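# Working through the structure, step by step
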Amino acid sequence: MAERPEDLNLPNAVITRIIKEALPDGVNVSKEARRAISQAASVFVLYATSCANNFAMKAKRKTLNAGDVMSAMEEMEFERFLQPLREALEAYKKGQKGKKEASEQKRKDKEKNSTDENDKSRDEEDEHMDDEQEGENEGEEEDVEN
Amino acid sequence: MSAKNMEKVEQATNRKNISLPMSRVRLIMKSSPDVSCINQDALFLTTKATELFVQHLALSSYKNGSGKETNTLSYSDLANAAEESETFQFLTDILPKKILAREYLKSLEEMEKDADNL
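Per an unreviewed UniProt entry, chain B is named Chromatin accessibility complex protein 1, and its organism is Sinocyclocheilus anshuiensis. Turning to chain B, the UniProt record has this under Subcellular location (unreviewed entry): "Nucleus".

Chain A is annotated in an unreviewed UniProt entry as DNA polymerase epsilon subunit 3 of Sinocyclocheilus anshuiensis. Database annotation for chain A, UniProt heading Subcellular location (unreviewed entry): "Nucleus".

Here you go:
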């Protein structure tokens, strides 16, 4: 797969928002600083991935897992991230479980309906699918590959 | 986007508790050599950690920098943080300190002089 250079950058709008939320109210951020932070973030991902991958390889695993990332954070001296990361992961896993159950329930409900209603709900589902693609389909993608 | 759709997107974001797109983070991770598979939780953690990192870098650089007087976070604040802080050392290559052109030319001249003397 060909990678264009811009694909390895993170979206500027999101980076800017995160920066603004971290700084005290009213503080400005120069355009150059914003760009630099965005690049630093990409480098951080690479560094963290490489570090985490070392732990996975040491354990003779081909798949990078959560533990590897946590070990990488310690190795990189970002212990301050460990607790918030643990909490975020808990919330994320709960959310994923809820979503899975919800979509399974939807599927079960659909099976109960008649064909006429199926046409109607199929249209509705297409609408839902577009929204869910923001987040959910990414998850499904990962499962298939792993 | 209708109100209902907005709510759905918000819910999805809140449940994940992150703003950066995991798909993009995954792209970057995959560009790393020797990486084959990435578990979903690992991808989430890396994305979240990157957000925490952005906050940490921005705030630390601002606190230590001269930005407090100008009320602006500037590039030099970041470059200084990379040089002075151990945790941000890995960024020194991409956040080099800027020097004045004349200083650079001066050091170039001195290098040429040394080369001549060899």
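So much for the structure itself; the text now carries on.
It is worth spelling out helix α3 (residues 66-75) of chain A at this point. Within α3(A), burial applies to A:Ala66, A:Asp68, A:Val69, A:Met70, A:Ala72 and A:Met73. Along its buried surface, α3(A) packs onto α2 (31-58), β2 (63-64) and α4 (82-112) of chain A together with α3 (40-64) of chain B. Of the residues that open α3(A), the one with a side-chain oxygen 3.1 Å from the backbone nitrogen of A:Gly67 is A:Asn65. Phi turns positive, to about 65 degrees, at A:Glu77, one or two residues after α3(A).

A word on the interface of chain A and chain B. Contact residues are listed per partner, giving 72 residues for chain A and 62 residues for chain B. Between chain A and chain B, a total of about 6,100 Å² is buried, with carbon and sulfur atoms accounting for 69% of that surface. Applying the counting criterion to the chain A and chain B interface returns two salt bridges. Joining chain A to chain B, the criterion identifies 13 residue pairs in polar contact (both at pLDDT 80 or more). Those elements that provide at least two residues to the side of chain A that touches chain B are α1 (12-22), β1 (28-29), α2, β2, α3, α4, α5 (115-132) and α6 (136-145) of chain A. Per element, the largest residue contribution to the side of chain A that touches chain B is 17 residues, and it comes from α2(A). Residues of the side of chain A that touches chain B, tallied by class, amount to 38 nonpolar, 17 polar and 17 charged. Both β2(A) and strand β1 (residues 37-38) of chain B contribute to a ladder of two bridges, which runs parallel. The residue of β1(B) that forms the bridge with A:Thr63 is B:Cys37.

Calculation rules
- Residues numbered from 1 in each chain as written.
- Chains lettered and ligands numbered in written order.
- Predicted model: local features only at pLDDT ≥ 70, side-chain atom pairs only at ≥ 80, totals over all residues.
- Heavy atoms only, no water.
- UniProt positions renumbered as here; feature names shortened; annotations may be inferred.
- Buried < 20%, exposed > 50% of the residue type's maximum accessible area, 1.4 Å probe, protein only.
- Helix = DSSP H or I, 4+ residues; strand = E, 2+ residues; numbered from the N terminus.
- Contact = heavy atoms within 4.5 Å.
- Polar contact = N/O pair within 3.5 Å; in protein donor to acceptor, adjacent residues only side chain to side chain.
- Buried area = accessible area lost by both parts, 1.4 Å probe.
- Salt bridge = Lys/Arg side-chain N within 4 Å of Asp/Glu carboxyl O.
- Nonpolar A, V, L, I, M, F, W, Y, C, P; charged D, E, K, R; others polar.
- Pairing = 2+ DSSP bridges.

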